[in-house]
Amino acid sequence: MNRRSLLRVTSPLLAATLAPLLVACGETRPQFKAIDVTGAEYARDFQLTDHDGRPRTLKDFRGKAVVVFFGYTHCPDVCPTTLSEIAEAKRLLGPDGAKVQGVFVTVDPQRDTPEMLKAYMANFGPDFVALRATPEQLAAVAKEYKIYYKKVDGKTPDSYTMDHSAGSYVYDPQGRVRLYTRYGTGPEALAADLKILLKGA
């Protein structure tokens, strides 16, 4: 067998032998259900006030996986559905559910008073936190998080609705933004992703 023929035979064998080694040397990324946004230069933090009047940032929840959702208490469907899914994902995780923090940021501070937010959060769990902002703060945090919100007038001054983005941001226990989960993904998918993050992925 001449040298050219030998190369034709050995090259595929060499490639087949080296392929697993190359994969093993490469960094393996977790297989998330949600959109992986690890390393994103947005949705990095917030400085807002919770429903008890305390200033809050992501650092307050260090050690927990955090799910941040923007909405409003008068929302008829998307908001209660999403918050219920976060609560169900916590339940599906069993004891590890205590290591997950649900955070709700209102895009309707005009109507969502601290008292109303506190009562609303109680529907989903005693450890859920609601955050409020001034109009200026809300505009700034919406820009940081790339979320959309807009007031839609109703028949009376108080019957307006709010159009808003419907996804959630998920952070690992170190406070790094890792995932963007779309509305309607379901609690099982969220629980699976949270489980990976809690394991330190």
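Right, let's walk through the structure included here. Along each chain, numbering runs from 1 in the same order as the chain's sequence is written. Restriction of local features to residues with pLDDT of at least 70 applies here, the model being predicted, together with a cutoff of 80 or more for giving and counting side-chain atom pairs; totals for whole chains, interfaces and linings are based on all residues. The side-chain numbers reported here are obtained from all heavy atoms of the structure, hydrogens and water having been left aside.

**Notes on the overall build of the chain**
Okay, step 1: Helix and strand content of the chain: five helices and 10 strands.
Okay, step 2: Considering the chain as a whole, with its 201 residues, one finds that 42% of them fall into the buried category.
Okay, step 3: Taking the contacts inside the chain whose residues are at least 6 apart along the sequence as the reference set, 72% of them involve residues at least 24 apart.
Okay, step 4: A 1.4 Å probe and the Shrake-Rupley method give the accessible areas. Residues count as covered only by the protein chains that appear here. Total accessible area on the chain stands at roughly 11,400 Å², and carbon and sulfur atoms take up 56% of it. A run of H or I in DSSP counts as a helix once it spans at least four residues, and a run of E counts as a strand once it spans at least two, with each numbered from the N terminus. With a 1.4 Å probe rolled over the protein chains alone, any residue whose accessible area is under 20% of its type maximum counts as buried; one over 50% counts as exposed, and the rest are partly exposed. By definition in these notes, contact holds between two residues if any of their heavy atoms fall within 4.5 Å.

**Here's the deal with the nonpolar core**
Okay, step 1: Counting 53 residues, the largest nonpolar core has F46, V68, F104, Y145, Y171 and L194 as the members making the most contacts within it.
Okay, step 2: With near-sequence residues (within four places) excluded, L194 lies in contact with A65, V67, A89, L93, V100 and V170. Residue types Ala, Val, Leu, Ile, Met, Phe, Trp, Tyr and Cys, when buried and joined through side-chain atoms within 4.5 Å, form a set referred to as a nonpolar core.

**What to know about the packing of helix α2 (residues 78–92) against helix α5 (residues 187–198)**
What describes two packed helices is the angle between their axes and the distance between those same axes.
Okay, step 1: In this analysis an axis means a line fitted to C-alpha atoms, helices contributing only their contacting stretch, and an angle means the value between N-to-C directions, from 0 to 180 degrees. Two elements in contact, α2 and α5, have axes separated by 8 Å at closest approach and are oriented at 55 degrees. Taken together, α2 and α5 sit at an angle that is classed as oblique. In this structure, α2 meets α5 at a crossing whose hand is right-handed. Residues E85, I86, E88, A89 and L92 of α2 touch α5, and the partners they reach there are P187, E188, L190, A191 and L194.
Okay, step 2: For this scheme, ten residues count as nonpolar: Ala, Val, Leu, Ile, Met, Phe, Trp, Tyr, Cys and Pro. Four count as charged, namely Asp, Glu, Lys and Arg, and the remainder, Gly too, count as polar. Across the contact of α2 with α5, the residue classes break down as seven nonpolar, no polar and three charged. Small angles under 35 degrees read as roughly parallel and large ones over 145 as roughly antiparallel, with 65 to 115 read as roughly perpendicular and the rest as oblique. Each crossing gets its handedness from the near helix: less than a right angle anticlockwise from the far helix is left-handed, clockwise is right-handed.

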